[in-house]
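# Structural characterization, general
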Amino acid sequence: MEEDCEHFSSVMYNVYRATDLTFPGEYELLVARSFARKLLQKISSLGIRDDAVALVPNFHTLIEQELVGLPWMARLDPLDNRMWIEQKSKNSTLWSGKASFYRLSCFHDEGLMQLAVKNYEFRQAIFKSELEWCKGCGLTDIGFGREKTTYCYFAVAASCSLPHDSPVRTIIAKSAILITIADDFFYLKGSVEELEILTDAVGRWNGKGLSSHSKTIFEALDDLVSYMTEKHLHQQGSDIANDLRDIVGTKHWVLPASCFLNPNLPKAKLKPPQYETITKLLMVVARLLNDTQSYQKEQEEGKFNYVSVYMKENPGPGTDIEDAISYMTSMLDENRKELLEHALMDGLDDLPKTCKHLHLSCFKVFQMFFNSGNRFDSNTELVHDINNAIYIPLEVQTLKPLKLLPGPKKANLTMNAHLGQTYKLPRVKSSFIMQWISPKTLRDDLGKSPFP
């Protein structure tokens, strides 16, 4: 296999992707990952000559992206979807075979391309509309700190597979925007007196006596809680205002947002005596990802993080920054594996699956921001991705209009774009088979096969 590795390029690529979802104690998968990585590096250096399957023209680029670029856990689905749509439009070759991304009948290729394009355009329209709504929260021109409205909304919208009318995207995005501004106010802008007054106002939930930035932050927080309370009362019939006010200081809004999923988070789980393990793991992983990439900046700003704490607790001439980073990276790897296990396996957490998957989406956001640097604090690194996800139209060849099929309504799939148009998408015959093979499926199929 090592001598003729180019003939196994797609197999090794899929093995490597599958091992992104390694759980604690799965040492066989670590061996498989190491072996697959070694062969992919060799394949990348040799170039791809023959693989017995029809490969996409940019397959070599996909390999390099996995090895040195953004791994699957740091990529957002809409951008991957866009790449495949545009690639398919330029070249009719599909990657087919036993270890493929998808198997697609060519007889229905045109109809599914139309569906994919319309779906992408539909979501772009939703993203644009919701982003403008998020910009109206009163914090975009506060005059200090990081203005990350677009970053926050993009990260949430592009990481969560939610229904088009779900309020979860805007709730988490507004929460992230507010947390960013409040964080900068507490560490960079506010005086000790201002911080004490604002903290007291939040504890009493009464903004009387606040002024300037403190008043703006409290009002934005109160508006968000009121919006969520009204939505939940309308959808679920219960008032969660007091619960939201009690947990507002935790900086953790995944559980409140989960109240609007389907199935939703039970109210009793909104403010538990202690967090579920998956929620604790998400907090730890997010902190470690941020601190391993932002310790220099935060040191200059006088902030404590895990790196500085490790250095303080392990003084001596033999301890340096590299030791601290290595230790934190090891912690991050173990907590990441445990988080993936809790998010994808049943019976480990007493939470609805939709809520666990939302935790996983939030993890992917932090992985994207802090995979190999601090993209969140950069003003340029995410601009290209944001434009592709929200603003720039797909670059595809002109497609035939979608056909309206006769017959009863059940024979058509109707997509109401809430933009004044209704698209009726062609029904696919029963002979059609489409199979998306996710990294989780690949991981499960991999099993415990020994690798040399």
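The structure contained in this document is the topic of the report that follows. (Residues numbered from 1 in each chain as written. Predicted model: local features only at pLDDT ≥ 70, side-chain atom pairs only at ≥ 80, totals over all residues. Heavy atoms only, no water.)

## Re the overall build of the protein chain
The line we're drawing: Per the convention used, a helix needs a DSSP run of H or I reaching at least four residues, while a strand needs a run of E reaching at least two, with both numbered from the N terminus. Categorising residues by exposure relies on relative accessible area from a 1.4 Å probe, with only protein chains included: less than 20% of the type maximum marks a residue as buried, more than 50% marks it as exposed, and the intermediate range marks it as partly exposed. The contact criterion used throughout is that any non-hydrogen atoms of two residues lie within 4.5 Å. For accessible areas, the Shrake-Rupley method is used with a probe of radius 1.4 Å. Any residue's cover is judged against the shown protein chains and nothing else.
If you tally the helices and strands in the protein chain, you get 17 helices and four strands. For the protein chain, buried positions account for 48% of its 452 residues. Taking the intrachain contacts of the protein chain between residues at least 6 apart in sequence as the baseline, contacts between residues at least 24 apart amount to 71%. Accessible area of the protein chain: about 23,000 Å², with a carbon and sulfur share of 52%.

## A word on the pattern of salt bridges
Stated formally: The term salt bridge refers to a side-chain nitrogen of Lys or Arg lying within 4 Å of a carboxyl oxygen of Asp or Glu.
Summed over all chains, the structure comprises 21 salt bridges. Here D346 and K353 are joined by a salt bridge, their closest N and O atoms 3.9 Å apart.

## Side note on a nonpolar patch on the surface
Our working rule: Grouping into patches uses exposed residues only, defined as over 30% relative accessible area, and leaves out salt-bridged ones; the cut-off is 9 Å for like charges and 5 Å for nonpolar side chains (Val, Leu, Ile, Met, Phe, Trp, Tyr).
A cluster of nonpolar residues, F186, Y187 and L188, forms a patch on the protein surface that exposes about 310 Å² of accessible area. In this structure, F186 sits in helix α7 (residues 168-189). Classification of F186 by relative accessible area gives partly exposed; the value is 36%.

## Overview of the side chain of E86
Convention followed: In protein, a polar contact requires one atom able to donate a hydrogen and another able to accept it; more generally it is a pair of N or O atoms within 3.5 Å, and residues adjacent in sequence count only if both atoms are side-chain atoms.
Within the secondary structure, E86 is located in helix α4 (residues 77-90). Separated by 3.0 Å, the side chain of E86 and the backbone nitrogen of E395 make a polar contact. Residues contacting E86, with those up to four places away along its chain left out, are L394, E395 and V396.

## Thoughts on the environment of M73
Within the element layout of this structure, M73 appears in the loop between α3 (59-68) and α4. In the structure, M73 is positioned 287 residues away from L360 in sequence and 9.5 Å away in space, judged by C-alpha atoms.

## Thoughts on the packing of aromatic side chains
Convention followed: Only the six-membered ring of Trp is used, alongside the rings of Phe and Tyr, when aromatic pairs are assigned; centres must lie within 6.5 Å, and planes under 30 degrees apart are stacked while those over 60 apart are edge-to-face, with the rest tilted. Charges are assigned to positions over rings by a cutoff of 6 Å between ring centre and Lys NZ or Arg CZ, combined with an angular limit of 35 degrees from the ring normal.
For the structure on display, the rule yields eight aromatic pairs. A centroid spacing of 6.1 Å and a plane angle of 75° characterise the contact between F127 and Y153, whose relative ring orientation is edge-to-face. On the criterion of sequence distance, the pair formed by F127 in helix α5 (residues 109-134) and Y153 in helix α6 (residues 149-159) is long-range, its members being 26 residues apart. Here the two residues F127 and Y153 agree in accessibility, since each one is buried. One aromatic cluster in this structure is built from Y151, F369, F370 and F376. Just above the ring of Y16 sits the side chain of R33; from NZ or CZ to the centre is 4.2 Å.

## Remarks on the environment of S89
Counting through the fold element by element, S89 comes out in helix α4. The exposure class assigned to S89 is buried, which follows from its relative accessible area of 11%. In this structure, the C-alpha to C-alpha distance between S89 and L394, residues 305 residues apart in sequence, is 10.0 Å. Beyond its immediate chain neighbours, meaning those up to four positions away, S89 contacts M113, E395, V396 and Q397.

## Concerning the packing of helix α8 (residues 192-204) against helix α9 (residues 212-236)
This is how the line gets drawn: Every angle, taken between N-to-C directions, lies between 0 and 180 degrees, and every axis is a line fitted to C-alpha atoms, over only the stretch in contact when it is a helix. Any angle from 65 to 115 degrees is called roughly perpendicular, while one under 35 is roughly parallel, one over 145 is roughly antiparallel, and all others are oblique. By definition, any crossing whose near helix is turned counterclockwise from its far helix by less than a right angle is left-handed, and any crossing with a clockwise turn is right-handed. By the convention adopted, Pro, Cys, Tyr, Trp, Phe, Met, Ile, Leu, Val and Ala count as nonpolar, Lys, Arg, Asp and Glu as charged, and the other residues, Gly among them, as polar.
The geometry of α8 relative to α9 is characterised by a closest axis approach of 10 Å and an angle of 25° between their N-to-C directions. The angle between α8 and α9 falls in the class roughly parallel. Every pair of crossing elements has a handedness; the one defined by α8 and α9 is right-handed. Mapping the contact onto sequence places E194, L198, A201 and V202 in α8 and S214, I217, F218 and L221 in α9. When grouped by side-chain class, the residues that make up the contact of α8 with α9 number six nonpolar, one polar and one charged.

Read these as layout, nothing more, since geometry by itself doesn't imply function.
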